[in-house]
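Fold and contact review
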Amino acid sequence: MTSLPTLRPNDRWLLHLTIWAARADDTRWQEQLAALREVSAYDPATQTWSTFIGALDLASVHTLQTLFDAARSFGTGIQLEPAPVPATWPGPSFASDTAVAAVLTARAHKGRPLGQLPIV
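Now for a description of the structure that goes with this document. Just so you know, these numbers come straight off a predicted model, no measurement behind them. (Residues numbered from 1 in each chain as written. Predicted model: local features only at pLDDT ≥ 70, side-chain atom pairs only at ≥ 80, totals over all residues. Heavy atoms only, no water.)

Looking only at helices and strands, the protein features three helices and five strands. For the protein, the α and β elements follow one another from N to C terminus as β-α-β-β-α-β-β-α. In the protein, buried positions account for 34% of the 120 residues. The long-range fraction of contacts in the protein, counting pairs at least 24 apart against all pairs at least 6 apart in sequence, stands at 73%. (Helix = DSSP H or I, 4+ residues; strand = E, 2+ residues; numbered from the N terminus. Buried < 20%, exposed > 50% of the residue type's maximum accessible area, 1.4 Å probe, protein only. Contact = heavy atoms within 4.5 Å.)

Right, let's get into the packing of aromatic side chains. For the structure shown, the criterion picks out three aromatic pairs. With a centroid separation of 4.8 Å and an interplanar angle of 35°, the aromatic rings of Trp13 and Phe94 are classed as tilted. With a gap of 81 residues between them, Trp13 in strand 1 (residues 12-20) and Phe94 in strand 5 (residues 94-95) connect regions that are remote in the sequence. Accessibility expressed as a relative area gives 2% for Trp13, which makes it buried. Judged by its relative accessible area of 5%, Phe94 is buried. (Phe/Tyr/Trp six-rings, centres within 6.5 Å; stacked < 30°, edge-to-face > 60°.)

What follows concerns the pairing of strand 3 (residues 48-53). Sheet faces and side chains relate simply in a regular strand, where the side chains alternate between the two faces. Bridge analysis of strand 1 against strand 3 gives five bridges, and the strand direction is antiparallel. Paired with Thr18 across the bridge in strand 3 is Ser50. (Pairing = 2+ DSSP bridges.)

For the rest of this paragraph, the subject is the nonpolar core. Looking at soluble globular proteins, one finds that nonpolar side chains tend to be buried together. Leu15, Leu17 and Leu67 are the most contacted members of the largest nonpolar core, which has 17 residues in total. Elements with a minimum of two residues in this core: strand 1, helix 1 (26-39), strand 3, helix 2 (58-74) and strand 4 (77-84). For Leu67, the contacting residues outside a window of four places in its chain are Leu17, Ile19, Leu36, Val39, Thr51, Thr76 and Ile78. (Core = buried A, V, L, I, M, F, W, Y, C linked by side-chain atoms within 4.5 Å.)

Turning our attention to helix 1. In a regular helix each residue adds 1.5 Å, so 14 residues correspond to 20 Å; helix 1 covers 21 Å between its end C-alpha atoms and thus fits that length. Restricting attention to buried positions, one finds in helix 1 the residues Trp29, Gln32, Leu33, Ala35, Leu36 and Val39. For helix 1, the buried positions fall inside an angular range of 165° around the axis, keeping them on one side. In helix 1, the exposed residues that point more than 90 degrees away from the buried face are Asp26, Thr27 and Glu38. Buried residues in helix 1 make contact with strand 1, strand 3 and helix 2. In this structure Asp25 caps helix 1, since a side-chain oxygen of it lies 3.1 Å from the backbone nitrogen of Thr27. (Expected span 1.5 Å × (residues − 1). Arc of directions from axis to C-beta. Polar contact = N/O pair within 3.5 Å; in protein donor to acceptor, adjacent residues only side chain to side chain.)

Shown next, in the form of structure tokens:
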């Protein structure tokens with residue numbers, strides 16, 4: 001589920017994706033891990049995979065598609081939430097006045113997951 005922070009002018013943020021792997025037999029498990037490893041990093045402390053997106057470009061669309069495909073194929077869980085930009089973040093970030101922030105704000109209602117937003 002996605003909830004956005006209260007956006008203020010000049011805020012910068014990233015979309016933080018957290019992925020929970022689904023248990024499976026060894027073959028399916030290895031397929032799942034191979035897909036997740038391609039687009040995210042594993043955190044042994046939380047036993048989750050995660051990645052950040054700071055722009056809606058070809059690479060981030062590929063990441064999102066890979067994660068949604070993994071969810072559909074393997075039953076993984078995905079959580080999307082905004083996160084402040086760390087000082088060490090080398091890439092682009094979203095700003096409160098970007099089109100994507102407006103779309104996410106307009107569409108983040110009724111507890112609907114981002115991947116299930118209606119197409120208007």
